[in-house]
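# Understanding the architecture of this molecule
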Amino acid sequence: MTAVRRTAPVLVAALLLLVCAGRAGATGYRYWSFWERTDGHWTYATQGPASVRPDDGTVQGFRFTVGADAADAGRPRGTADFGTICADTPAKAGSKRVGLVLDFGTPADAPSGEAPPERRAVCARVPSDASSADALAAVAGPLRYDTNALLCAIAGYPHKGCGEQVSTDREPTAGPESGSPESGSPESGSGPSLGLPIGVGVVALLAGAAIWQSRRRRNASG
């Protein structure tokens with residue numbers, strides 16, 4: 001058992017290194033988050049823009065951000081209200097007006113080689129049954145979506161990428177360019193880190209090898 005006792009500290013150190021390596025991996029996603037403004041406050045939308053049918057007088061926001069979920073996603077900046085955004089767009093029968101705040105994020109959140117445009121607030125006049133996605137398309141094209149209908153770009157920004165994972169140093173990790181709720185996109189949150197199960201598995205193998213080696217030595221000496 002001496003070999004096992006001597007090996008234990010090494011195994012613990014290996015486990016800690018592997019767990020830390022797993023935690024140091026990707027922590028979030030680079031994506032367009034969708035917000036609704038109520039009583040002067042931004043609330044993370046519980047549905048996608050294609051599913052929401054806003055009323056006349058609604059204010060909604062889109063923010064390009066880096067985050068894992070609503071808790072750390074960047075909110076749209078600015079305090080513009082509906083009266084300000086749609087001051088020059090009078091009501092019209094058979095249509096509705098939706099105020100949209102478009103925040104293209106910060107240089108730190110931008111994909112490599114791209115610079116975020118200035119944020120803007122625009123008023124969309126759309127048919128009464130239009131969705132938020134329809135309102136966005138009316139005033140902020142071109143839009144870009146991936147094959148899973150995830151919103152990738154507003155007004156052409158960013159030029160490439162879609163929901164890619166971003167590590168702690170804010171550089172995208174290798175992997176698919178697009179994301180979806182089924183594949184771990186911002187709408188579903190990130191999955192569990194693989195660092196812990198892999199680390200436990202490797203340490204278990206090392207421990208097994210140490211025990212086997214110890215028994216072999218005892219048998220040889222006996």
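Preceding this paragraph is the structure being described.
Residues numbered from 1 in each chain as written. Predicted model: local features only at pLDDT ≥ 70, side-chain atom pairs only at ≥ 80, totals over all residues. Heavy atoms only, no water.

## Points about the overall build of the protein chain
Scanning the protein chain from terminus to terminus reveals four helices and eight strands. If you list the helices and strands of the protein chain from N to C, you get α-β-β-β-α-β-β-α-β-β-β-α. For the protein chain, with 222 residues in total, the buried portion stands at 41%. On the protein chain, roughly 12400 Å² of surface is accessible, and the fraction owed to carbon and sulfur atoms is 55%. (Helix = DSSP H or I, 4+ residues; strand = E, 2+ residues; numbered from the N terminus. Buried < 20%, exposed > 50% of the residue type's maximum accessible area, 1.4 Å probe, protein only. Areas by Shrake-Rupley, 256 points an atom, 1.4 Å probe, with all protein chains shown as cover.)

## Notes on the nonpolar core
Judged by nonpolar contacts, the single largest core of 21 residues is most densely connected at W32, F62, L100, L102, L136 and I154. Counting only elements with at least two residues in this core, the list comes to strand 1 (28-38), strand 3 (58-67), strand 4 (95-103), strand 5 (120-127) and helix 3 (132-139). Those residues in contact with F62 that sit more than four places away from it in its chain are W32, S33, F34, P49, P76, L100, V101, L102, D103, L136, L151 and I154. Core analysis: the next-biggest nonpolar cluster, separate from the first, contains eleven residues, Y29, Y31, W35 and C86 among them. (Core = buried A, V, L, I, M, F, W, Y, C linked by side-chain atoms within 4.5 Å. Contact = heavy atoms within 4.5 Å.)

## A short note on the state of the cysteines
By definition, a disulfide links two cysteine residues through a covalent bond between their sulfur atoms. What the rule picks out here adds up to two disulfides. One disulfide bridge connects C86 with C123, the sulfur atoms lying 2.0 Å from each other. Every disulfide takes its handedness from the sign of the S-S torsion; for C86 and C123 that torsion is 100°, giving right-handed. Note that C86 is positioned in the loop between helix 2 (82-85) and strand 4 and C123 in strand 5, a separation of 37 residues in sequence. Here the two residues C86 and C123 agree in accessibility, since each one is buried. Between C152 and C162 runs a disulfide, and the two sulfur atoms are separated by 2.0 Å. (Disulfide = S-S within 2.5 Å.)

## Some details on the packing of aromatic side chains
Considering all chains together, one arrives at six aromatic pairs under this definition. Ring centres of W32 and F104 lie 5.4 Å apart, and the angle between their planes is 85°; this geometry places the pair in the edge-to-face category. Note that W32 is positioned in strand 1 and F104 in the loop between strand 4 and strand 5, a separation of 72 residues in sequence. Among the residues examined, W32 registers a relative accessible area of 6% and is labelled buried. Judged by relative accessible area, which is 1%, F104 ranks as buried. Three or more aromatic residues joined by ring pairs form one cluster here, namely W32, F64, F104 and Y157. (Phe/Tyr/Trp six-rings, centres within 6.5 Å; stacked < 30°, edge-to-face > 60°.)

## Quick look at the pattern of salt bridges
Should their charged atoms come close, side chains of opposite charge can pair. In total, this model carries four salt bridges according to the counting rule given. Note that R97 and D56 form a salt bridge whose closest N and O atoms lie 3.3 Å from each other. A residue pair is termed long-range when its members are at least 10 positions apart, and R97 in strand 4 and D56 in the loop between strand 2 (41-44) and strand 3 qualify at 41 residues. Assessed through its relative accessible area of 41%, D56 is described here as partly exposed. Residues D103 and R77 are paired through a salt bridge, measuring 2.7 Å at the closest nitrogen-oxygen approach. Taken together, the residues span a long stretch of sequence, with D103 in strand 4 and R77 in the loop between strand 3 and helix 2 at a distance of 26 residues. Here the salt bridges share partners, and the residues they tie into one network are R63, R77 and D103. (Salt bridge = Lys/Arg side-chain N within 4 Å of Asp/Glu carboxyl O.)

## Regarding the side chain of S132
By the element assignment, S132 lies in helix 3. There is a polar contact of 2.7 Å between the side chain of S132 and the side chain of Q60. Beyond its immediate sequence surroundings of up to four residues, S132 is in contact with F34, P49, V52, P54 and Q60. (Polar contact = N/O pair within 3.5 Å; in protein donor to acceptor, adjacent residues only side chain to side chain.)

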